Amino acid sequence: QLQLVESGGGLVQPGGSLRLSCAASGFTLDNYAIGWFRQAPGKEREGVSCISSSDATTYYADSVKGRFTISRDNAKNTVYLQMNSLKPEDTAVYYCAAHVEYYYCSAHGKWYDYWGQGTQVTVSS
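Quick notes on the rules
Residues numbered from 1 in each chain as written. Predicted model: local features only at pLDDT ≥ 70, side-chain atom pairs only at ≥ 80, totals over all residues. Heavy atoms only, no water. Helix = DSSP H or I, 4+ residues; strand = E, 2+ residues; numbered from the N terminus. Buried < 20%, exposed > 50% of the residue type's maximum accessible area, 1.4 Å probe, protein only. Lys, Arg positive; Asp, Glu negative; His and termini not counted. Salt bridge = Lys/Arg side-chain N within 4 Å of Asp/Glu carboxyl O. Polar contact = N/O pair within 3.5 Å; in protein donor to acceptor, adjacent residues only side chain to side chain. Contact = heavy atoms within 4.5 Å. Pairing = 2+ DSSP bridges. Phe/Tyr/Trp six-rings, centres within 6.5 Å; stacked < 30°, edge-to-face > 60°. Lys NZ or Arg CZ within 6 Å of the ring centre and 35° of its normal. Disulfide = S-S within 2.5 Å.

Visitor: It is not clear to me how the side chain of Glu6 should be interpreted in this structure. Could you clarify?
Guide: Within the fold, Glu6 resides in strand S1 (residues 3-7). The side chain of Glu6 is buried and forms no salt bridge, while Arg45, the nearest opposite charge, is found at 10 Å. For Glu6, the side chain forms a polar contact with the main-chain nitrogen of Gln117, separated by 3.0 Å. Of the polar contacts made by the side chain of Glu6, one reaches the backbone nitrogen of Gly118; its length is 2.8 Å. With sequence-adjacent residues up to four places away left out, Glu6 is seen in contact with Ser21, Cys22, Trp36, Tyr94, Tyr95, Cys96, Gly116, Gln117, Gly118 and Thr119.

Below you can see the structure in the form of structure tokens.
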């Protein structure tokens with residue numbers, strides 16, 4: 001069974017950091033583009049970042065550019081989202097998603113085939 005599992009969320013003060021992990025089971029992430037999305041209460045889902053299978057393409061939403069970094073460790077079958085300088089407006093449930101693609105990735109959720117269950121990130125003092 002193909003599964004994605006997010007972890008690393010939690011409560012952090014403004015200006016703090018968290019590293020989210022997206023671990024795959026039942027398949028290897030080598031051939032998959034991975035996207036990170038978030039959804040805050042009452043708001044639409046937002047594409048935060050993505051990385052292609054080849055690492056040739058990465059994307060960051062303007063709201064996180066310069067603060068978040070996406071990376072992958074194929075040996076651990078895991079993709080990470082390092083989040084620094086966190087702001088209260090980063091508070092949301094964060095999801096990772098996967099789609100078979102070598103060169104590209106997408107900020108659009110409908111492009112992806114597999115989704116994790118989400119991890120809560122709360123930025124508050």
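Visitor: Where do I start with the pairing of strand S8 (residues 78-83) in this structure?
Guide: Successive side chains on a regular strand alternate, one facing one side of the sheet and the next facing the other. For S8, the tally of buried residues reaches 5 of 6 residues, placing the bulk of the element in the interior. Bridging between strand S3 (residues 18-25) and S8 involves 6 bridges; their strand directions are antiparallel. Bridge pairing links Ser21 to Tyr80 in S8. In this structure, strand S7 (residues 68-73) lies alongside S8, joined through 6 bridges in antiparallel fashion. Paired with Ser71 across the bridge in S8 is Tyr80. Hairpin remark: S7 followed by S8, antiparallel, with 4 residues in the connecting loop; positive phi at Asn77, about 55°.

Visitor: What am I meant to see in the packing of aromatic side chains here?
Guide: In this description, a pair of aromatic rings is defined by centroid distance and the angle of the planes. A full pass over the atoms with the stated rule returns 9 aromatic pairs. Grouped by ring-pair contacts, the aromatic residues Phe37, Trp111, Tyr112 and Trp115 constitute a single cluster. Residue placement shows Arg19 over the ring face of Tyr80; its charged tip is 4.1 Å from the ring centre. It is Arg45 that lies over the ring of Phe37; its NZ or CZ is 5.7 Å from the centre.

Visitor: What's the story with the state of the cysteines in this structure? I'm lost.
Guide: Joining two cysteines, a disulfide is a covalent bond between their sulfur atoms. This structure, assessed with the given rule, holds 2 disulfides. There is a disulfide in this structure between Cys22 and Cys96, and the S-S distance comes to 2.1 Å. Disulfide Cys22-Cys96: the torsion about the S-S bond is 75°, which places it as right-handed. Here Cys96 lies in strand S9 (residues 92-100) and Cys22 lies in strand S3, a separation of 74 residues in the sequence. Taking the relative accessible area as the measure of exposure, Cys22 reaches 0% and is therefore buried. At a sulfur-sulfur separation of 2.0 Å, the disulfide partner of Cys50 is Cys105. Taking the sign of the torsion about the S-S bond as the criterion, the disulfide between Cys50 and Cys105, at about 60°, is right-handed. Linking Cys50 in strand S5 (residues 46-51) with Cys105 in the loop between S9 and strand S10 (114-115), this pair joins segments that are 55 residues apart in sequence. Each member of the pair, Cys50 as well as Cys105, is classed as buried. Indicated for the protein is the disulfide connectivity 1-3, 2-4, based on numbering the bonded cysteines in sequence order.

Visitor: How should the side chain of Thr78 be read in this particular structure?
Guide: Counting through the fold element by element, Thr78 comes out in strand S8. Within the structure, the side chain of Thr78 is placed 2.8 Å from the backbone oxygen of Lys76, a separation counted as a polar contact. When neighbours within four sequence positions are excluded, Thr78 is seen to be in contact with Ser21, Cys22, Ala23, Leu29, Arg72 and Asp73.

Just geometry here; none of it tells us what the structure is for.
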